[in-house]
Amino acid sequence: MLEALEGSAAIARAVARCRPGVVAAYPITPQTHIVENISKLVADGKLQTELVSVESEFSAASVALGASAAGSRAYTASSSQGILLMTEVLFNISGMRLPVVLTCANRAIGAPINIWNDHSDSMAVRDCGWIQLHCADNQEAIDTSIQAFRIAEATELPVMVCMDGFILTHTLEPLEIPDQDVVDRYLPPFRFDRMLDPKNPLSLGTLVGPEYFSETRHLAHQALMAATSTIVDTDREWQTLTGRSAGGLLTVEGPENAKIGVLAMGSVVSTFREALDTLKTRKKAKLINLRAFRPLPDQALREACAGLSDLVVVDRALSPGFGGILGGEIKAALSGMAKMPRIHNVAIGLGGRDVPLEMWPRLLDVPTEDGGFRILDLEPAKLGEVP
Amino acid sequence: MTQANNDPRARQPRFRGLEAGHRACQGCGEALAARLVTESAGPDVILTNATGCLEVFTTPWPQSAWRVPWLHSLFENSAAIASGVEAALKAQGRRSKVIAMGGDGGTFDIGFQALSGMLERMHNVLYVCYDNEAYMNTGIQRSGSTPHAAMTTTSPPGKERMGKRHLKKDLLSIIAAHHIPYAASASVAYPQDLRRKVRRAMEIDGPTFLLVHSPCPLGWGHDGSETIQVARLAVQTGLFPLVELERGEVASVMPLRQKVPVTEYLKLQGRFRHLFVDSDHRAREEREHLQALADYNMERYGLFGDGDDPFDADGADTVRRGGPARA
Amino acid sequence: MPITMNRGAFAHAGSSLAFKTGTWRSAKPVHVHATAPCHGACPAGEDQQAWLALLQEGKPQKAWEQLVTTNPLPAITGRVCPHPCESACNRGHLDQPIAIHGIERWLGDEAIRNNWSYPRRGGEIRAERVAIVGAGPAGLSAAYHLTQRKYNVVLFDSLPEPGGLLRSAIPPTRLPRAVIDAEIGRLLRTGIEFRPRTALGRDVTLDELRSEFDAVFLGVGAGKSRHWDVDGAVPADLHEGLALLREWLAVGALPKPNAVVIHGGGNTAVDLARVMRRAGIRDVHVVTASGLPGPDTDADDVLNVVPRELEQAIEEGVQFHPHRTINRLIMRGSKVVGVEMVRLKKLPDGSGRKSRVSFEGTETVLHVDMVVPAIGEVVDATGLEYILRQRDFLSVDMFGRIGGQPGLFAGGDARDRLKAYPNGTVSAAIGDGRRAAEGIDALLSRRDPVEENRPPLPYASLNLSYYESSPRIDLPTLPLEQRNDSAEIEGGPNSAQAMAEAQRCFSCGNCLACDNCWTLCPDNAVLKTSEMAKDGSHYLFDYEYCKGCGLCAKECPCGFISMQAEE
């Protein structure tokens, strides 16, 4: 049944359905409403969980780490500066192969301080060994959040569910929260055979020297690569159960014979879906919604891009001194193709700059323009004197 | 690893929470403290450990010296991961006790925030800080716990400086301000007292804290065989008072009966060698300062008194040869 | 996660045991059962630490049984020994030495009270027979130890009753007769044949004994007073000190001069002086070349008397004149009316040997009507002429063997000085008898004699931090006005006091199971085990893991653990 819900509230309810044992809460805009809603659910007795209101994001991730190691399903949420503060712990959690789930309400990173949406935060930690899934809209966010626990527990890898801050978290729309019994069928209780238990004492988090470190990293990389099939399978199962797909590894929409492709992640995809449906454009283009950023699904990407002459990669973050992050990664992923499309990389909507419907046709012109990576919605006039 | 039934190691009348084969230096005070703490706490515990000497010398994969479940994450988050473990146990209805451990670096400095948060949230966790008064694992750098005038690699004495300029952070007062049910200082030189304090803390359902003075032969500049002697003098001179605090108030102290000048303690340690250079007037000044700090402790905690036996706050653990008859 | 995928994900509990840190060592801890200083100082060879330990465990009978494996007469020695063990006792560095003699006396008295028997020793009955001449402490001890080793012993004495000087020269105020009877009685009842009233030379010859018995031990004592004169003069009615004492003890007769001076500084002199004072003689003086204990007196120059005897003598009114000698008798006719004393000291001469040096100009006069020499005795040569060959004492080795005389042994006051074994006391005589029994047993078993030789305990290896201060017990003494001829002047401790005093023993050089080593090893390398420890301790070192840090050795209160360099 559809309800009008703010994105954050919906995520809170979705996570609650997953029966987390421990939730760590620390506020940061624009994620705060998630933890606030969870707190209200706990206070009203609608969610039985140990809610630990910690004193920093570092501790939030640490609480999740400890809880997971002790055998409880653990969850937390953060954004931007908080994600950076907990970076050490994120590496630790994946290195220890703990199935923690975290919602990243994507936000720009200071300085200068900016509380609005782009993908700088999750991009900055793309190497931390977590699975990273991006959500195009709030329903996908709900479904992905639930799937995240199953993926994590099956792969013994932590999952970061990325959803655009403000744009998704603070938007009210009609959403479906699956019933508890549906979720219970989908998500069995968490059983962790390495859990901290005096009856079977193990030491977790030991020191590994040069003798074994390479092998450890090999296994971590392999695990992430192998997670692509789990991501596909869990989405398929979900679809069977609810009738909805959350996007698998990626989706391709638009005219079959289009030679231009536009690849994007997150909420801009739903804007572009609307544009694809409602705007008449001279040029035809496919819309590729990349859901799984880590692991980066090379094979699926190559299949999706087969036959394209041009691919416009839309970045929501940039690496100063290099260019678009997603763009760089896509170039690397497609470089094995016999006929690789020409890749055009632009960044838009940094720091929350609005991405209107009109951005779609603008993007379709990019292949004909010269130039390497640039911020497409830059307003050069603003580079002069501020009035 | 299983042991044969006739192996005397398997039949020791105490719980071997920390096993042999760890790689601590000879005479390591921290290893001894950890052994004493885990044996008093018993097998039904879950330990968390900050990065540091203890963590490194006990768990070079695939070996571990711990016989209880143990979790290490980072330098600054022992208290935070312990909070998570405790919350999970609550969620699952399990009653094992969580003990968070860290060195002084991971407790006084980088882990301070996590500790404060854990205490404020009243998690049922015993936090044990093994205080060897510097960042030893990284090669003896000063921490907030390093005593005034001590030499470390980042507070070396020289023409302009006489060792660490700042005072040893009064962590117990800060812990006391959190109004937790029980906090205490202890020393490896008084093992029975330490064991008693561990058991006391274990019984309490709520946040508790132990600060255990643990000499580091390498870092303090003394022989591995002198660890207990040095620790004992720290207590007897008043520089490291053994106290118990309940809800922030001093509930008991280990009384001293004789005045032992701080020089007796300082002269045994290479890290205070620069305080014994007669030709340097600053050396005398620093010795006097340290004596004044010890006197201040004695006054503040009322260490001189007709209290119980000065060798142990509560009953003998080692030898009693003489003294008033006991029941 | 499958085990095969575990790389760094977790480690198994206790898997560190695979890493043998014992290879790090450059020195290893070992248990060394050292000789406690009391044991090292005891002339009889008692291991006081061993029996004090049993008393600490609350086992007085076991403690007594341990004691009598060395010294069969503790109720006696506890009363009369000058207790060098107490002077050596390490407890003196902390507060006061253990009152070992008091506890020993208590154990001896308890054994008498409760009729305890000597512990039985195993072993084959021996066919050989040994003759022991002299039923004083040396002979009694030899007889006891040989009987314990299952030899046939016949004990001879010229007197009607056994005991030697114990009975004939030590007043009952110091050593009650009942105690002598009880202890010697128990000893003789172990199967020793006693032949009293049999004197060497007069009733039996040495050669007869040597042919009839497989070995002979001479414990004949020093029965002949040294010759004494002052510049060649002696009073007409000269009474020698030991003879006076003996006569008084035997029949109660004592001359009663108005004032007497006793020349000599040993137990005989002091015992006689006190007897005479108690008998009512107004002025009793003791003139001796030795000094009284004090800061000006060298250790080897002190009066050779048990210190508390000296205190009591002074209390009783005996007047001492130390560092003096009698250099002139003042006579009226043939009667003494006074003596002239001069100060002297024993000083080293050019060759380093000490000799007496008088200080001219320091002469004083004592008005006395009797002079009693008590300057010591030598062996009465009767029956021993060809062995003694005109020397004062018999020359022996530490096992009592007389050089050139196989099968002939001697000990006690009859033997010459041995540097490592000072004699002249009851305890020394007992020690001589014990070692001679070993010598005899070795001879008859055709082996070399052995004496236990554990290393001494260095004081520095004790750790006094673990011992609390506590005063020594006070032993009761009869108040002055109650002292008489027969009542024992010194009392012993009661059982509570004896047990409490035993608790003060540090247990030097021997494990007291305090658990320090076990508690303080950072590496779990000390194991507590009663079955597997072979060295009498309760602990094993786990050398596979011991890193040799030395904490155990340092914190062992009693110095039982030493660090030995690793090869």
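Everything numeric in this text was worked out from a predicted model, so none of it was measured.

Enquirer: Would you explain the overall build of chain A in this entry?
Expert: The number of helices and strands found in chain A is 13 helices and 18 strands. Computed over the C-alpha atoms, the radius of gyration of chain A is 21 Å, within 12% of the 21 Å expected from 2.2 N^0.38 for a compact globule of 387 residues. Its C-alpha atoms give chain A principal-axis dimensions of roughly 65 × 50 × 50 Å. Taking all 387 residues of chain A together, the buried fraction comes to 55%. Nonlocal contacts in chain A, meaning residues at least 24 apart in sequence, comprise 80% of its contacts between residues at least 6 apart.

Enquirer: Is there a simple way to think about the overall build of chain B in this case?
Expert: A tally of regular secondary structure across chain B gives 11 helices and 8 strands. By principal-axis analysis of the C-alpha atoms, chain B measures approximately 65 × 50 × 45 Å. Relative to its 327 residues, chain B shows a buried fraction of 61%. Here the analysis covers contacts within chain B between residues at least 6 apart in sequence; of these, 69% occur between residues at least 24 apart.

Enquirer: Any chance you could explain the UniProt feature "domain: Thiamine pyrophosphate enzyme TPP-binding" (unreviewed entry) in chain B here in plain terms?
Expert: According to UniProt, the positions carrying the feature "domain: Thiamine pyrophosphate enzyme TPP-binding" (unreviewed entry) are residues 51–210 of chain B. Between the end C-alpha atoms of residues 51–210 of chain B there is a gap of 18 Å, over a span that is 35% helix and 16% strand.

Enquirer: For this particular structure, what's the right way to read the environment of Ser-530 of chain C?
Expert: Residues and elements named next belong to chain C. As for its position among the elements, Ser-530 is in the loop between β18 (526–528) and β19 (539–541). Classification of Ser-530 by C-beta neighbours within 10 Å gives exposed; the count is 9. C-alpha separation for the pair Ser-530 and Leu-540, spaced 10 residues apart in sequence, amounts to 9.2 Å.

Enquirer: Teacher, can you tell me more about the interface of chain C and chain A here?
Expert: Reports of interface size often rely on the accessible area that becomes lost once the parts have come together. Opposite the 9 residues of chain C that make contact, chain A presents 14 residues. Counted by class, the side of chain C that touches chain A contains 6 nonpolar, 2 polar and 1 charged residues. By the bridge criterion, 3 bridges tie strand β9 (residues 202–204) of chain A to strand β1 (residues 10–12) of chain C in an arrangement that is antiparallel. Its bridge partner being in β1 of chain C, Ser-203 of chain A is matched across the sheet by Ala-11 of chain C.

Enquirer: Any chance you could explain the sheet that holds strand β5 (residues 193–195) of chain C here in plain terms?
Expert: By way of backbone hydrogen bonds, the strands of a sheet pair with one another, either parallel or antiparallel. Residues and elements named next belong to chain C. Spatially, β5-β4-β3-β6-β17 is the arrangement adopted by the 5 strands of the open sheet, whose pairing is parallel. Of all strands in the sheet, those with a lone pairing partner are β5 and β17 (408–410), marking the two edges. The mean inter-strand angle of the sheet, taken between neighbouring strand axes irrespective of direction, is 20°. Across 3 bridges, strand β6 (residues 215–218) lies against β17 in parallel orientation.

Enquirer: Looking at this model, I keep getting lost on the interface of chain B and chain C. Mind explaining?
Expert: Chain B puts 42 residues into the contact, and the matching count from chain C is 49 residues. Within the residue set of the side of chain B that touches chain C, elements represented by two or more residues are α1 (29–41) and α9 (227–236) of chain B. With 4 residues, the single largest contributor to the side of chain B that touches chain C is α9 of chain B.

Enquirer: Explain the packing of helix α12 (residues 267–278) of chain C against helix α13 (residues 307–315) of chain C here, please?
Expert: Think of two packed helices as two axes; the pair is described by the angle between the axes and how far apart they sit. Residues and elements named next belong to chain C. The interhelical angle for the contact between α12 and α13, taken along N-to-C directions, is 30°, at an axis separation of 10 Å. In this view, α12 runs roughly parallel relative to α13, as classed from their interaxial angle. Read as a crossing pair, α12 and α13 show a hand that is left-handed. Across from Val-270, Ala-273 and Arg-274 in α12, the residues of α13 making contact are Glu-309, Leu-310 and Ala-313.

Enquirer: What should I look at first to understand the nonpolar core in this one?
Expert: For soluble globular proteins, the rule of thumb is that nonpolar side chains tend to be buried together. One finds Val-159 and Val-161 of chain A, Val-85 of chain B together with Phe-217 of chain C to be the most contacted residues of the largest nonpolar core, which totals 373 residues. Each of domain 1 (2–242) and domain 2 (250–385) of chain A contributes no fewer than three residues to this core.

Enquirer: Can you walk me through the sheet that holds strand β10 (residues 250–253) of chain A in this structure?
Expert: Residue and element names in this part refer to chain A. The 6 strands are arranged β10-β12-β11-β14-β17-β18 in an open sheet whose pairing can be described as mixed. Two strands close off the open sheet at either side, each with one partner strand: β10 and β18 (374–375). Summarising the sheet, strand β11 (residues 260–264) and strand β12 (residues 285–290) pair through 5 bridges and their orientation is parallel. Note on β12: the bridge partner recorded for Val-262 is Leu-287. The strands touched by helix α11 (residues 298–305) within the sheet are β10, β11, β12 and β14 (310–315), with β10 carrying the most contacts at an inclination of about 5°. Of the strands in this sheet, β11, β14 and β17 (342–347) are in contact with helix α12 (residues 325–334), which crosses β14 at around 145°.

Enquirer: How do you make sense of the packing of helix α1 (residues 7–17) of chain A against helix α7 (residues 138–155) of chain A when you look at a structure like this?
Expert: Residue and element names in this part refer to chain A. In contact at an axis separation of 9 Å, α1 and α7 are set at 20° when each is read in the N-to-C sense. As judged from the angle between their axes, α1 and α7 are roughly parallel. For the crossing formed where α1 meets α7, the hand is right-handed. The residues of α7 that touch α1, namely those facing Gly-7, Ala-10, Ile-11, Ala-14, Val-15 and Arg-17, are Asn-138, Ala-141, Ile-142, Ser-145 and Ile-146.

Enquirer: Even after reading the chapter, I still don't get α11 of chain A, so can you show me in this structure?
Expert: Each α-helix turn comprises 3.6 residues. Residues three or four places apart therefore point the same way. Residue and element names in this part refer to chain A. Every buried residue belonging to α11 is among Ala-300, Leu-301, Ala-304 and Cys-305, and all of these are buried. Axial view of α11: buried residues confined to an arc of 125°, hence all on one face. Of the surrounding elements, those touching the buried residues of α11 are β10, β11, β12, β14 and α12. Gly-307 occupies a position one or two residues after α11 and carries a positive phi of about 90°.

Enquirer: Sorry if this is basic, but what is going on with the environment of Ile-46 of chain B here?
Expert: Mapping Ile-46 of chain B onto the fold places it in strand β1 (residues 45–49). Separated by 173 residues in sequence, Ile-46 of chain B and Gly-219 of chain B place their C-alpha atoms 29 Å apart. Those residues in contact with Ile-46 of chain B that lie beyond four places of it in its chain are Ala-70 and Leu-196 of chain A together with Pro-69, Val-85, Ser-96 and Val-98 of chain B.

Enquirer: Explanation requested: the pairing of strand β7 (residues 159–164) of chain A in the structure shown.
Expert: Each regular strand shows side chains that alternate between the opposite faces of the sheet. Residue and element names in this part refer to chain A. Counting buried positions over the 6 residues of β7 gives 6, a clear majority of the element. Side chains Val-159, Val-161 and Met-163 of β7 all project onto a buried face; the interleaved residues Met-160, Cys-162 and Asp-164 project onto the opposite face, where all are buried too. Pairing geometry for strand β5 (residues 101–106) and β7, over 6 bridges, is parallel. Bridging across to β7, Cys-104 finds its partner in Cys-162. Where strand β6 (residues 131–134) lies against β7, 4 bridges are found, and the strand directions are parallel. In the strand pairing of β7, Leu-133 is matched with Val-161.

Enquirer: Which parts of the structure should I look at to understand the domain arrangement of chain A?
Expert: All names here are of chain A. Per the domain assignment, the segments of chain A are domain 1 (2–242) and domain 2 (250–385). Between the C-alpha centres of domain 1 and domain 2 there is a distance of 27 Å. With 28 residues of domain 1 at the contact, the number on the domain 2 side is 20 residues. Going through the elements one at a time, α6 (120–124), β6, β7 and α9 (213–242) are the ones with two or more residues in the side of domain 1 that touches domain 2. The element that contributes the greatest number of residues to the side of domain 1 that touches domain 2 is α9, accounting for 5 residues. Its residues assigned to classes, the side of domain 1 that touches domain 2 comprises 16 nonpolar, 8 polar and 4 charged.

Enquirer: When you look at unusual backbone geometry in this model, what are you seeing that I'm missing?
Expert: For residues that are not glycine, phi is negative in most cases, and the peptide bond is trans in most cases. The peptide bond linking Ala-111 of chain A to Pro-112 of chain A adopts the cis configuration, its omega dihedral lying at -5°. Omega for the peptide link from Arg-294 of chain A to Pro-295 of chain A comes to -5°, which places this bond in the cis form. Positive phi is not limited to glycine here, since Asn-115 of chain C has a value of about 60°. Take Asn-115 of chain C: it is sitting in the loop between α6 (100–114) and β3 (129–133). Its identity as a non-glycine residue notwithstanding, Arg-446 of chain C has a phi of 55°, on the positive side. Along the chain, the position of Arg-446 of chain C falls in the loop between α15 (426–444) and α16 (495–503). Judged by the 6 C-beta atoms lying within 10 Å of it, Arg-446 of chain C is exposed.

Cut-offs used in this document
Residues numbered from 1 in each chain as written. Chains lettered and ligands numbered in written order. Predicted model: local features only at pLDDT ≥ 70, side-chain atom pairs only at ≥ 80, totals over all residues. Helix = DSSP H or I, 4+ residues; strand = E, 2+ residues; numbered from the N terminus. Rg over C-alpha atoms; globule rule 2.2 N^0.38 Å. Buried ≥ 20, exposed ≤ 12 C-beta atoms within 10 Å, placed from the backbone. Contact = placed C-beta atoms within 7 Å. UniProt positions renumbered as here; feature names shortened; annotations may be inferred. Nonpolar A, V, L, I, M, F, W, Y, C, P; charged D, E, K, R; others polar. Pairing = 2+ DSSP bridges. Axes fitted to C-alpha atoms, helices over the stretch in contact; angles between N-to-C directions. Parallel < 35°, antiparallel > 145°, perpendicular 65-115°, else oblique. Left-handed = near helix turned anticlockwise from the far one by under 90°. Core = buried A, V, L, I, M, F, W, Y, C linked by C-beta atoms within 7 Å. Domains from an automatic or database assignment. Arc of directions from axis to C-beta.

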